[in-house]
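Chain residues, written in single-letter form:
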Amino acid sequence: MYIHQGWSYNHPYAARTWTLENWQQYLGGISALGYNSILIWPMLETMPNPMTPSDSAHVDRMRAVIDLAHRKFKMKTFVVLCANIGPKSELASTYSYEDRPLYGIDEYIDPADPVKLGKLMAWREELLKPLKAADGIFIIDSDPGGYPNSTNPEFAYLLTAHRRMLDRLRPGIEIYYWAWTGWESYGRFHATGHFSMGTQEEIQDALSLIEKQRPEPWGVATHWLGYGAQVDAEMKDRVLAYNYGAIEADPAFPFTLFGPAAYEGGMNTGSRGVFGNALTHCVQLPNTFAFARGALGLTAERGDYIAFADQLIEGAGESIVEGWEALQGPDAVRMKAAAMKLINLSKSDLKTGKFRGLLFGDPKRFVDDLIGQLQMAAALFTLKRTLGDGEGMVTKTSVAAFSAFITAVEDWHDRHGYNSYWFWPPMTETLTRLPTDRLKPFLEGGPWWEDGVGDTPGERIGDAYEKIQTYTPRLIAAMKSALDDLRMQGQGNK
């Protein structure tokens, strides 16, 4: 399981806020499901030189997590690094680790600049010394990372430089090339401002160059349905299937998912196994369960989900699964009924079961989270229905429904505090039907990463990535302004 700490939001939704006790709870839960390895992004790339006290505390906590995973749960631990990103130390030092943004305080280092690269590697070596007990390091080829028009030979050199550094820290640390979009793909992105996935040939070229360097021990982590199957066919015993997005996308507004994608993602395994990822782990329990079942060759039928949920909160399996199922569909009446059952459950004495660690010590929070999501989704689909009933006209009923949806969104957002990108197709489809220009920046145009402004591709990319960090509160503000406009214009008087 990949535990991503990129985004700053509330506890326990964002992994960067977890205490050591929270880590023990979560690792105990996923270990009981059958997970045997974790991958951590501790955000070393954003840590200034010298570190702030909060950075030092976080590195020390990650050292303790690695020890905990090894000693108590017999789990392998890996750490992610972006290939060529370092901090703008003066700016990064103005934030605590917990509150520091992912973008805007980082610098993309030219791999052909030996002075800057040398400084980056020297600082990384210092940061990794406390974490040298990790079993391995993943070096991602993009997102974030890359440099305008940089080539695969430069990436192979970067990976080899990390190999030499790891050998100085502790011989035997594995290094994985995380083939995400392709190094040269992101080189083109930084040069032009337009993104396209790298080709299989480009990935194979990078692997050929890396293989010639013999950076043992090493492997390849990549999506099985992307580059993985072909790489596995040519490089037996090297490939770890990294089926990113099967459990949860990233960035992603916290919303519990329930469906076949996670199970199928777990089934598609490489010669070295399979990894999944989540962003808001405490709300993605059904998919976390399903991914493990797929990887282990076990069933994931409705009865299996109920049995799992019963081991979260004893006797509540049916109500919890009904909530998970209702949340995926358009039936507002079903959502409201499921929420009412859970409201009654939340008021009762909640006894936790075998998988209690996945609840982070607060079963009521877990139930209330599901209630909040059901209420938000029910409000959206009620709004959608009222707009349909109005035959294209905004009625008094639909304005009231829009107001109720905004209230439900704010209630859920206040709980988790996630502020980055929010992609929810039913919401986009519904909001598009409202006669307002306020929402057009969020509903029209190209992909968000090409939505920046500036004189150069680098400036435009940097602007887009900084803006995405405030996408959700800006969208909520735009919805509230649109509601005010509709009221002032007399919309909804019929």
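Located above this text is the structure these notes cover.
Residues numbered from 1 in each chain as written. Predicted model: local features only at pLDDT ≥ 70, side-chain atom pairs only at ≥ 80, totals over all residues. Heavy atoms only, no water.

Looking at empty space enclosed by the protein
Gaps left between atoms are located by rolling a probe of water-molecule size over the structure's atoms.
Next, step 1: Inspection of the entire model under this criterion finds four cavities of 30 Å³ or more.
Next, step 2: Here the largest cavity defines a volume of roughly 50 Å³.
Next, step 3: Taken together, Thr256, Cys282, Val283, Trp324, Arg365, Phe366, Asp369, Leu370 and Gln373 make up the lining of the largest cavity.
Next, step 4: Considering each element in turn, the lining of the largest cavity owes the most residues, five residues, to helix H14 (residues 363-389).
Next, step 5: Of the residues belonging to the lining of the largest cavity, the class tally is five nonpolar, two polar and two charged. (1 Å grid on protein atoms, 1.4 Å probe; cavity = no way out; pocket = protein on both sides within 12 Å on 5 of 7 lines; lining within 4 Å. Points joined across faces, edges and corners; volume = space filled by probe spheres on them. Helix = DSSP H or I, 4+ residues; strand = E, 2+ residues; numbered from the N terminus. Nonpolar A, V, L, I, M, F, W, Y, C, P; charged D, E, K, R; others polar.)

Remarks on the side chain of Ser150
Next, step 1: In this fold, Ser150 is placed in the loop between strand S6 (136-140) and helix H5 (152-169).
Next, step 2: Within the structure, Ser150 has its side chain in polar contact with the side chain of Glu154 (distance 2.5 Å).
Next, step 3: Engagement of the side chain of Ser150 in a polar contact is seen with the side chain of Trp183, the distance being 2.8 Å.
Next, step 4: The residues contacting Ser150, other than those within four sequence positions of it, are Pro111, Trp183, Glu184 and Gly187. (Polar contact = N/O pair within 3.5 Å; in protein donor to acceptor, adjacent residues only side chain to side chain. Contact = heavy atoms within 4.5 Å.)

Some points on the packing of aromatic side chains
Next, step 1: Counted by the stated rule, this structure contains 45 aromatic pairs.
Next, step 2: Where Tyr9 meets Tyr418, the ring centres are 5.4 Å apart and the plane angle is 85°; that geometry is what we call edge-to-face. Taken together, the residues span a long stretch of sequence, with Tyr9 in the loop between strand S1 (2-4) and helix H1 (20-33) and Tyr418 in the loop between helix H15 (396-416) and helix H16 (425-431) at a distance of 409 residues.
Next, step 3: On the basis of relative accessible area, Tyr9 is assigned to the buried category, the value being 7%.
Next, step 4: Centroid distance Phe138 to Phe275: 6.0 Å. Interplanar angle 65°. Geometry classified as edge-to-face. Taken together, the positions of Phe138 in strand S6 and Phe275 in strand S10 (residues 274-275) put the pair 137 residues apart, joining distant regions of the chain. Accessibility classification places Phe138 together with Phe275 in one group, the buried group. (Phe/Tyr/Trp six-rings, centres within 6.5 Å; stacked < 30°, edge-to-face > 60°. Buried < 20%, exposed > 50% of the residue type's maximum accessible area, 1.4 Å probe, protein only.)

Some words on the sheet that holds strand S7 (residues 174-179)
Next, step 1: Taken in spatial order, the nine strands make up an open sheet running S10-S9-S8-S7-S6-S3-S2-S1-S11, and their pairing is parallel. On the outer flanks of this sheet lie S10 and strand S11 (277-278), each paired with one strand and no other.
Next, step 2: Where strand S2 (residues 37-41) meets strand S3 (residues 76-82), four bridges bridge the pair, whose relative direction is parallel. Within the sheet, the bridge partner assigned to Leu39 lies in S3 and is Phe78.
Next, step 3: Its contacts with the sheet put helix H8 (residues 224-234) on S7, strand S8 (218-222) and strand S9 (239-242), and the angle it makes with S9 is roughly 165°. (Pairing = 2+ DSSP bridges. Axes fitted to C-alpha atoms, helices over the stretch in contact; angles between N-to-C directions.)

Regarding the layout of surface pockets
Next, step 1: Estimates place the volume of the largest pocket at around 970 Å³.
Next, step 2: Lining the largest pocket are 41 residues, with Ala249, Asp250, Pro251, Ala252 and Tyr421 sitting closest to its centre.
Next, step 3: Secondary-structure elements contributing two or more residues to the lining of the largest pocket are S1, S3 and H16.
Next, step 4: Tallied by class, the residues present in the lining of the largest pocket amount to 32 nonpolar, six polar and three charged.

Notes on the nonpolar core
Next, step 1: Formed by 169 residues in total, the largest nonpolar core has its most connected members in Phe138, Leu312, Trp324, Met376, Phe402, Phe405 and Met479.
Next, step 2: Sorting elements by how many residues they give to this core places H14 first, with 13 residues.
Next, step 3: Setting aside chain neighbours within four positions, we find Met376 in contact with Phe253, Phe255, Phe405, Ala408, Val409, Trp412, Trp422 and Trp424. (Core = buried A, V, L, I, M, F, W, Y, C linked by side-chain atoms within 4.5 Å.)

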